Each structure stands twice: as C-alpha cells, then as structure tokens.
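Below are the chains, spelled out letter by letter.
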Amino acid sequence: MNREIRSFRCQRCLVAFWALAGLSGSAFGSPSSQPKKAGPVTVQGFADREAIAAGKLFNLAVSVTPDKDYYVYWQNPGGLVGLPTEIRIIAPDGYKVGRVRYPVPEAKYDKTLGETSNVYERAAVLIVPMLAPESAAPGDEARFIIKGSWLVCNKGQCVPGEAEVSLSLPVAATGADIKPANEKLFQQARDALPLPADKVKHVKLAGSIDKEAVKPGEPFTATLTAEIEAGHHMQSHKPHQDYLIPAVVFVERTGGFDVGDVEYAKPHERTDKILGKLSEYTGKIAFKIPVEVDKDADSAPHWVRGIVQYQICNDAGTCFPPQHVAFAIPVQMAGGP
C-alpha cells in the first residue's frame, strides 16, 4: 500500500508540473491579454472562445502564477497571516459576471506559526463565467478589465501585490459559427476544480445546519457528514505518516458570514504490522463548521461552500486516487425567501 500511495502523490506532482509547464509560455492562443508581471507573480487573462454571441454564456480565465519557491493564498487563506487571492472583472454595461471558480488549494502547515494555510505553490487558473446581454450588437467589441490582488510569500517573507490586465472580444453576427479558444488551458483549469459530490465513489456527502433559520448577529453550526462505504476508510485529518493524505475541509469565504476553524471528527486509531500506527475515519463521520452571521447580513439565501479532500482505501490495503469534492450547505435566513 505504501508504494501505491507514493505513486498517487507522484501523479499529482506530474499534473502540477505539466499545468505549470503549460502556463510558462506567454500564449495559449488568441484571445488573451498580455502577461503582466508584478513582483514574483505573473497574471494573464484568457477567453474560451474567439467571439461573443448576444445572450449567450462564455468564460474568462485568469492565471495567477507565482515564481518558483513562492506561493499565494486561496480565496480563504485559512491562517491568520494570509490574504485571499481575489479577482474582479470590470465588464461593459449589461454583461453579468458569475461566481469565480477557484482550483483546489493545498494545505500548508507552518511549524513556526502553528497553523495551516490554504495556498497555491504553482500556477492557479481561476474560471469566471460570463453572460452577454441580448442587446450586444454584432460588430461591437467588448473590453474586459481584470484586476487581481494577492499576498505572495517566500520563506516567511510576504508582500501584497496587485495587477491589472485587459482583453477584448468581438460580438459575432447572429448564428455565426464561433470557434473555441485556449482549449488546453481551459481543460487544465477544469481538471483542477473540485469534483461534484454526485460523481464520486465510496463516500456520500450531506450537509445541514443546527437551526431552521438564522438571524443576523447570531452563531450557528453547519455540519458536513461523510458516510464511508462499508469495508473502506479514509485517513484522518492528522495521519501519523507524512506520506498519507489527510482529510481536509476547505471552507470558502461567504459574504455575511464569519467562518471559524473546522472541528474534525475523532479518528479511529489502529496499528498495522507493516505501516505502523494509523489514524483513520470509518463509517459515518461529521465535520463541524462554526459560523457567526454578520450583524448587517441580508435575508437572501446563503450557502456554506467548500471542498473536502480525502483518500479512500479498502480494508484489503488498496488505496484509490485522492479526491477533492465540492460541497454546498444551504442556509435559510430568518424572514428571507
């Protein structure tokens, strides 16, 4: 089992290597912005098609690439020191900007600070879904300004940074055959996103909160439940061996909510003749997410969203590739729809 686990880690390294190698050049094809280097971070914008169709969806992507030995943070830094990597799209009137989709981060433990942060130590490509207005006129050109900000760190030294790039897309004639663009980049970016919960095996995820509805200024607890298939287990959030992949819950930042540290379930401890002492989760386990609602939070529906990382092994000793699965727990606000 040791060799199998190590091979999965190597596969992850290769994926990260090829993703970074693909981003090292300045062009994935047109249309794209010029790359902009701001200190040890390079930013570039891309579109997934050569033109826009009125009233139709399209996607922009933003690559944020730290130099070697540097890292930036996920949208929720996780620790007290980090700042989120944020992207803002300034679009022409009538264009709608969707929720930014972030690739899966890495959990980085800092022994000095005694805390775990959520980081990118490689190129991160963020996808932004867009909707063109019905009024977009054929022959016009839409210009999109992309503003990015981050905190980049190296060996304990951190510096905030920001950059601005832009790209333009023509509006195609009605019924025109619009060709895709930057297909390799967008495929790599989608591969780096978490999986939907209904696409994974051996684990069933469910979410709930401990109140029927929550009010501004009050706390509540969201619970992510993982039901592991019989005859299988996953490593706990604190495995005893460094090569084992821990269960980690990454929780997104949500407007109107202050999210606390995840409370992990108590693991099952056992000793294997070959691997030694193990810390595992079996059966049905619960991850508790404490949340406090801001005093000025509105009554619109909210969600506690995030990603859960784990690796499933069966009791015969075979381990499957690590999984990163998206979850979304709905939160009913008092007096809201």
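Shown above is the structure to which this text applies.
What counts as what
- Residues numbered from 1 in each chain as written.
- Predicted model: local features only at pLDDT ≥ 70, side-chain atom pairs only at ≥ 80, totals over all residues.
- Heavy atoms only, no water.
- Pairing = 2+ DSSP bridges.
- Helix = DSSP H or I, 4+ residues; strand = E, 2+ residues; numbered from the N terminus.
- Axes fitted to C-alpha atoms, helices over the stretch in contact; angles between N-to-C directions.
- Disulfide = S-S within 2.5 Å.
- Buried < 20%, exposed > 50% of the residue type's maximum accessible area, 1.4 Å probe, protein only.
- Polar contact = N/O pair within 3.5 Å; in protein donor to acceptor, adjacent residues only side chain to side chain.
- Contact = heavy atoms within 4.5 Å.
- Salt bridge = Lys/Arg side-chain N within 4 Å of Asp/Glu carboxyl O.
- 1 Å grid on protein atoms, 1.4 Å probe; cavity = no way out; pocket = protein on both sides within 12 Å on 5 of 7 lines; lining within 4 Å.
- Points joined across faces, edges and corners; volume = space filled by probe spheres on them.
- Nonpolar A, V, L, I, M, F, W, Y, C, P; charged D, E, K, R; others polar.
- Core = buried A, V, L, I, M, F, W, Y, C linked by side-chain atoms within 4.5 Å.

Enquirer: It is not clear to me how the sheet that holds strand E18 (residues 276–281) should be interpreted in this structure. Could you clarify?
Expert: The pairing of strands in a sheet happens through backbone hydrogen bonds and is either parallel or antiparallel. The four strands are arranged E17-E18-E14-E21 in an open sheet whose pairing can be described as antiparallel. The sheet is open, and its two edges are formed by strand E17 (268–272) and strand E21 (312–314), each paired on a single side. Ignoring strand direction, the axes of neighbouring strands in this sheet form an average angle of 50 degrees.

Enquirer: Help me understand the state of the cysteines in this model?
Expert: The bond known as a disulfide is covalent and runs between the sulfur atoms of two cysteines. Counted by the stated rule, this structure contains two disulfides. Across a sulfur-sulfur distance of 2.0 Å, cysteine 313 and cysteine 319 are joined as a disulfide pair. One disulfide, between cysteine 313 and cysteine 319, carries an S-S torsion of 95 degrees and so falls in the right-handed class. Neither residue differs from the other here; cysteine 313 and cysteine 319 are each classed as buried. Ordering the disulfide-forming cysteines of the protein chain by sequence position, one finds them joined as 1-2, 3-4.

Enquirer: Just to check I follow, could you spell out the side chain of aspartate 48 for this structure?
Expert: Note that aspartate 48 resides in the loop between strand E2 (41–47) and strand E3 (57–66). A distance of 2.9 Å separates a polar atom in the side chain of aspartate 48 from a polar atom in the side chain of arginine 49. Those residues in contact with aspartate 48, other than ones at most four positions away along the chain, are Phe58, Asn59, Pro180, Ala181, Phe186 and Arg190.

Enquirer: Any chance you could explain the pattern of salt bridges here in plain terms?
Expert: Pairing of side chains with opposite charge becomes possible as their charged atoms draw close. Going through the model one piece at a time under the given rule, you end up with ten salt bridges. A salt bridge links aspartate 272 to arginine 270, with the shortest nitrogen-to-oxygen separation between them at 3.9 Å. Relative accessible area serves as the criterion here: at 24%, aspartate 272 is assigned to the partly exposed category. Connected through shared salt-bridge partners, Arg270, Asp272 and Glu280 make up one network.

Enquirer: Could you clarify how one ought to interpret the environment of alanine 230 in this entry?
Expert: As for its placement among the helices and strands, alanine 230 is situated in the loop between strand E13 (219–228) and strand E14 (232–235). Using a relative accessible area of 72% as the deciding quantity, one classes alanine 230 as exposed. Residues alanine 230 and alanine 124, spaced 106 residues apart in sequence, show a C-alpha to C-alpha distance of 36 Å.

Enquirer: What's the story with the pairing of E2 in this structure? I'm lost.
Expert: Two faces, one strand: in a regular strand the side chains alternate between the faces of the sheet. Of all seven residues in E2, six are buried, a share of seventy percent or more. Here three bridges tie strand E1 (residues 36–38) to E2, and the two strands are oriented antiparallel to one another. Residue pairing across strands places alanine 38 opposite valine 41, the latter belonging to E2. Of the strand pairs in this sheet, E2 and E3 are connected by seven bridges, and their pairing is antiparallel.

Enquirer: Help me understand the environment of aspartate 67, please; the structure alone is not making it clear to me.
Expert: Looking at where aspartate 67 falls in the secondary structure, it is placed in the loop between E3 and strand E4 (72–73). A relative accessible area of 29% means that aspartate 67 is categorised as partly exposed. Each C-alpha atom of the pair aspartate 67 and lysine 111 lies 23 Å from the other, and the pair is 44 residues apart in sequence.

Enquirer: Would you mind going over the environment of glutamate 292 with me for this structure?
Expert: Position of glutamate 292 among the secondary structure elements: in strand E19 (residues 284–293). Along the sequence, glutamate 292 and lysine 215 sit 77 residues apart, while their C-alpha atoms lie 9.7 Å from each other. With residues up to four places along the chain from it excluded, the contact list for glutamate 292 reads Gly217, Glu218, Pro219, Gly256, Phe257 and Asp258.

Enquirer: Sorry if this is basic, but what is going on with the sheet that holds E13 here?
Expert: Spatially, four strands are ordered E12-E13-E19-E16 in an open sheet, and the strand pairing comes out antiparallel. Of all strands in the sheet, those with a lone pairing partner are strand E12 (203–209) and strand E16 (257–259), marking the two edges. Along the sheet, successive strands turn relative to each other by an average axial angle of 25 degrees, direction set aside. One ladder, built from seven bridges, connects E12 with E13; its direction is antiparallel. Note that in E13 the partner of alanine 206 across the bridge is threonine 225.

Enquirer: Sorry, what's going on with the layout of surface pockets here?
Expert: Over the atoms, a rolling probe the size of a water molecule traces out where space has been left empty. Of the volumes computed, that of the second largest pocket is approximately 310 Å³. In terms of lining, the second largest pocket is formed by Gln75, Glu86, Ile87, Arg99, Val100, Tyr102, Glu252, Arg253, Thr254, Gly255, Trp303 and Arg305. Taken together, the elements giving at least two residues each to the lining of the second largest pocket come down to strand E5 (86–90) and strand E20 (302–310). Among the residues forming the lining of the second largest pocket, the class breakdown is four nonpolar, three polar and five charged.

Enquirer: So what exactly am I meant to see when it comes to the nonpolar core here?
Expert: Across soluble globular proteins, nonpolar side chains have a tendency to be buried as a group. Among the nonpolar cores identified, the biggest contains 37 residues, and Ile52, Phe58, Leu60, Ile89, Tyr95, Phe144 and Trp150 are the most heavily contacted of them. Sorting the residues of this core by element identifies E2, E3, E5, strand E9 (124–131), strand E10 (141–154), strand E11 (157–170) and strand E15 (248–251) as the ones contributing at least two each. Broken down by element, the residue count for this core peaks at five residues, all from E10. Contact partners of phenylalanine 58, with chain neighbours within four places excluded, come to Asp48, Arg49, Ile52, Tyr95, Val128, Pro129, Met130, Leu131, Ala132, Phe144 and Leu169.

Any functional reading would require information that these geometric values do not contain.
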